[in-house]
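Read off the chains here:
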Amino acid sequence: MPSQGTIGDRVRGLRLSRRMSQAQLAGPDLSDSYVSLIESGKRTPTPVVARLLAERLGCTTEFLLHGIEPRQRIDTELGLRHAELELLHGDPSVAADRFGEIVKVAGEENAMLAAHARFGRARALEVQGKVGPAVKAFERLRREAAAHPERLADLPLAVALSRCYQRAGDILRARDLAVHALGEVNRLPLAQGEIAIELAASLMEIGGTHGSGSPSLSYVRSVLSVNGVPTAVNRTAEIHALWQASITAADGEDSALAVRLADDAIATGRPARMASQLALIAMYWAHLAASGGDEPLDEAREFATAASEVFAVFPEHVHEYVRSLVVRAQVQLGAGDERGATALAQTALDTLGDPASALGAAARLVLARAALARGQADEATTVLNAARQSLSGVRHELSGPDRETARIWRDLGDLYGQVGVVDEQTSAYRRALETAGVRDAMVGMTVDSALVR
């Protein structure tokens, strides 16, 4: 039975293989000219006509419309789900390969399945840190979504692209896409679900539009208000058990059961994924408050603590857990609790282990600020020198500017200024500019801290 080409190709191929004329296929219900238009690709049969033609041609409607038999389609759907599980709970590089295989199997004839597989592959590239190829893939899909909105929605693509451009250092493009996505979710309106939470996280990462009453902060506030930061449960073992059961069912030729088990595995992991994203948003919100925002510190402390509790559940989120401890320490310091801030920052350092990191430097800056608050300038200077060594050992793996590390260099310069170490202050500001992607050609130029904010 032919499976390649268009619907018209399949209708014509089946008709000829059964030695039927167009008039015979048309029967009393259709005209032979209409059958001719279908075979030439100038008309697409309605579902009712497709069922009628399939009955007369002795095939399934599924085959006539999609070019694959139901079992083949189920197997392709199962492949999509197993690739999704590999992306979410396995190896993203393997997921990218599996999504690519599905694209080849589905082909352009099954455009919707192929589009979803390409979307999965783009996400897998992003997770691997291959931002350039991911952007290229997402942009292509967004053009396709504009031409064929029945295949893919634009909103998830805009959010994904905003996130990718932000990580690539193109903040203006990232912000434009986030604003576009924000307009879409406000139009719906939408404050719950994975896409709303992903957008809120992207808005907090991008920053730059944050101010009292800004649309982005108002939306993030609504997402946090509606969803909160739920308690997370680590169900990784259950997810992998369901995933393995799905593989076993597929090996036993029970594809329908395999699809159901794979769906169960994906659904089982969804609450933890959403909790982790909401914890990330809450942590960014608390950091904003600790950095001098208008948000209440009591609320920021609650958000940061809730984020820590979520990240502590998952061993793979140790970096986020340490970051949440640093944010909590910053909030405590802002509230005047130097002892509590010192304890949290030290816990962050002990958990992190690796001193050569921007996060370790950020924890030490909290310790330095606490020492200054106690009037211990010498101790603060010693800690600042240790923070400088941590930052100097950071390996910049990004091809573009590293805004987070640049901010820490800038804060280090500010604190060196407070303890009166001018040479180190100037050096730190220069490093902040360099890390932010700015190169100074004027030897001996005095660097103003405002330039790197």
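Residues numbered from 1 in each chain as written. Predicted model: local features only at pLDDT ≥ 70, side-chain atom pairs only at ≥ 80, totals over all residues. Heavy atoms only, no water.

The name an unreviewed UniProt entry gives the chain is Helix-turn-helix domain-containing protein, with Streptosporangium vulgare as the organism.

A few words now on the overall build of the chain. Looking only at helices and strands, the chain has 22 helices and zero strands in total. Principal-axis analysis of the C-alpha atoms gives the chain an extent of 95 × 50 × 35 Å. Burial status across the chain gives 45% buried among its 453 residues. Considering only contacts in the chain between residues 6 or more positions apart, those separated by 24 or more positions represent 59%. Carbon and sulfur atoms form 52% of the exposed surface of the chain, whose accessible area is close to 21700 Å². Distance between charge centres in the chain, computed from 49 positive and 57 negative side chains, equals 5 Å. (Helix = DSSP H or I, 4+ residues; strand = E, 2+ residues; numbered from the N terminus. Buried < 20%, exposed > 50% of the residue type's maximum accessible area, 1.4 Å probe, protein only. Contact = heavy atoms within 4.5 Å. Areas by Shrake-Rupley, 256 points an atom, 1.4 Å probe, with all protein chains shown as cover. Lys, Arg positive; Asp, Glu negative; His and termini not counted. Charge placed at Lys NZ, Arg CZ, Asp CG, Glu CD.)

In terms of nonpolar packing, the biggest core is built from 64 residues, with Phe138, Tyr219, Val220 and Ile281 touching the most fellow members. Element by element, the count of residues in this core is highest for helix α15 (residues 255-290), at eleven residues. Excluding residues within four positions of it along the chain, Phe138 makes contact with Phe119, Ala122, Arg123, Glu126, Leu157, Ala160, Leu161 and Cys164. Counting residues in hydrophobic clusters, the runner-up holds 35 residues, among them Ala329, Leu384, Ala428 and Ala432. (Core = buried A, V, L, I, M, F, W, Y, C linked by side-chain atoms within 4.5 Å.)

Following the UniProt record, the feature "domain: HTH cro/C1-type" (unreviewed entry) maps to residues 11-64 here. The span residues 11-64 shows a helical share of 65% and a strand share of 0%, and its end C-alpha atoms are spaced 7 Å apart. (UniProt positions renumbered as here; feature names shortened; annotations may be inferred.)

This part takes up the packing of helix α6 (residues 70-89) against helix α7 (residues 92-106). Axis angle and axis distance: for two packed helices, these are the angle between their axes and the distance between the axes, and together they describe the pair. Their axes nearest at 8 Å, the elements α6 and α7 cross at an angle of 160°. Our classification of the angle between α6 and α7 gives roughly antiparallel. Seen along the crossing, α6 lies across α7 with a hand that is left-handed. From α6, Thr76, Gly79, Leu80, His82, Ala83, Glu84, Glu86 and Leu87 reach across to α7, where they touch Pro92, Val94, Ala95, Arg98, Phe99, Ile102 and Val105. Residues of the contact of α6 with α7, tallied by class, amount to nine nonpolar, three polar and three charged. (Axes fitted to C-alpha atoms, helices over the stretch in contact; angles between N-to-C directions. Parallel < 35°, antiparallel > 145°, perpendicular 65-115°, else oblique. Left-handed = near helix turned anticlockwise from the far one by under 90°. Nonpolar A, V, L, I, M, F, W, Y, C, P; charged D, E, K, R; others polar.)

Moving on to the pattern of salt bridges. Across all of its chains, the model carries 25 salt bridges by this definition. Between Glu39 and Arg15 there is a salt bridge, with its nearest N and O atoms 2.7 Å apart. Taken together, the residues span a long stretch of sequence, with Glu39 in helix α3 (residues 32-39) and Arg15 in helix α1 (residues 7-17) at a distance of 24 residues. A salt bridge links Glu299 to Arg221, with the nearest nitrogen and oxygen atoms 2.6 Å apart. Of this pair, Glu299 sits in helix α16 (residues 297-311) while Arg221 sits in helix α13 (residues 215-227); the two residues are 78 residues apart in sequence, bridging distant segments of the chain. (Salt bridge = Lys/Arg side-chain N within 4 Å of Asp/Glu carboxyl O.)

Let's shift gears to helix α8 (residues 111-127). Along an α-helix, a turn takes 3.6 residues, which lines up residues three or four apart on a common side. For α8, which comprises 17 residues, the first-to-last C-alpha distance of 24 Å matches the rise-based estimate of 24 Å (1.5 Å per residue) to within 8%. The element α8 is largely enclosed, with a buried count of twelve among its 17 residues. Residues Ala111, Leu113, Ala114, Ala115, Ala117, Arg118, Phe119, Gly120, Ala122, Ala124, Leu125 and Glu126 constitute the buried set of α8. Of the surrounding elements, those touching the buried residues of α8 are α6, α7, α9 (131-147) and α10 (154-168). Looking one or two residues past α8, Gly129 carries a phi angle of roughly 85°, positive in sign. (Expected span 1.5 Å × (residues − 1).)

Here we come to the environment of Gln425. Following the sequence through the fold, Gln425 ends up in helix α22 (residues 422-435). Distance from Gln425 to Gly393, taken between C-alpha atoms, is 18 Å for residues 32 residues apart in sequence. In this structure Gln425 touches Gly413, Tyr416 and Gly417, once residues within four positions along its chain are discounted.

Quick look at α6 now. For α6, which comprises 20 residues, the first-to-last C-alpha distance of 28 Å matches the rise-based estimate of 28 Å (1.5 Å per residue) to within 8%. Among the residues of α6, those classed as buried are Arg73, Thr76, Leu78, Leu80, His82, Ala83, Glu84, Leu85, Glu86 and Leu87. Buried residues along α6 sit against α5 (61-66), α7, α8, α14 (236-251) and α15.

Let us now look at the environment of Lys136. Structurally, the position occupied by Lys136 is in helix α9. Each C-alpha atom of the pair Lys136 and Ala122 lies 8.5 Å from the other, and the pair is 14 residues apart in sequence.

Before going further, it helps to spend a moment on the environment of Arg81. Structurally, Arg81 can be placed in helix α6. In the structure, Arg81 is positioned 233 residues away from Phe314 in sequence and 23 Å away in space, judged by C-alpha atoms. In this view, Arg81 contacts Val259, Ala262, Asp263 and Ile266; residues no more than four positions away in its chain are not counted.

Cis geometry marks the peptide bond from Leu188 to Pro189; its omega dihedral reads -20°. Among the structural elements, Pro189 can be located in the loop between α11 (171-187) and α12 (194-206). Notably, Glu253 is not glycine yet its phi reads approximately 70°, a positive angle. Mapped onto the fold, Glu253 is located in the loop between α14 and α15.

Packing of α6 against α8 brings their axes to within 10 Å, and their N-to-C directions diverge by 15°. With respect to each other, α6 and α8 are oriented roughly parallel. In the crossing of α6 with α8, the sense of the turn from one axis to the other is left-handed. Within the contact between the two elements, α6 uses Arg73, Thr76, Glu77, Leu80, Glu84, Leu87 and Leu88 and α8 uses Leu113, His116, Ala117, Gly120, Arg123, Ala124 and Val127.

Time to look at the side chain of Ser324. Structurally, Ser324 is set in helix α17 (residues 318-334). Given a relative accessible area of 0%, Ser324 falls into the buried group.

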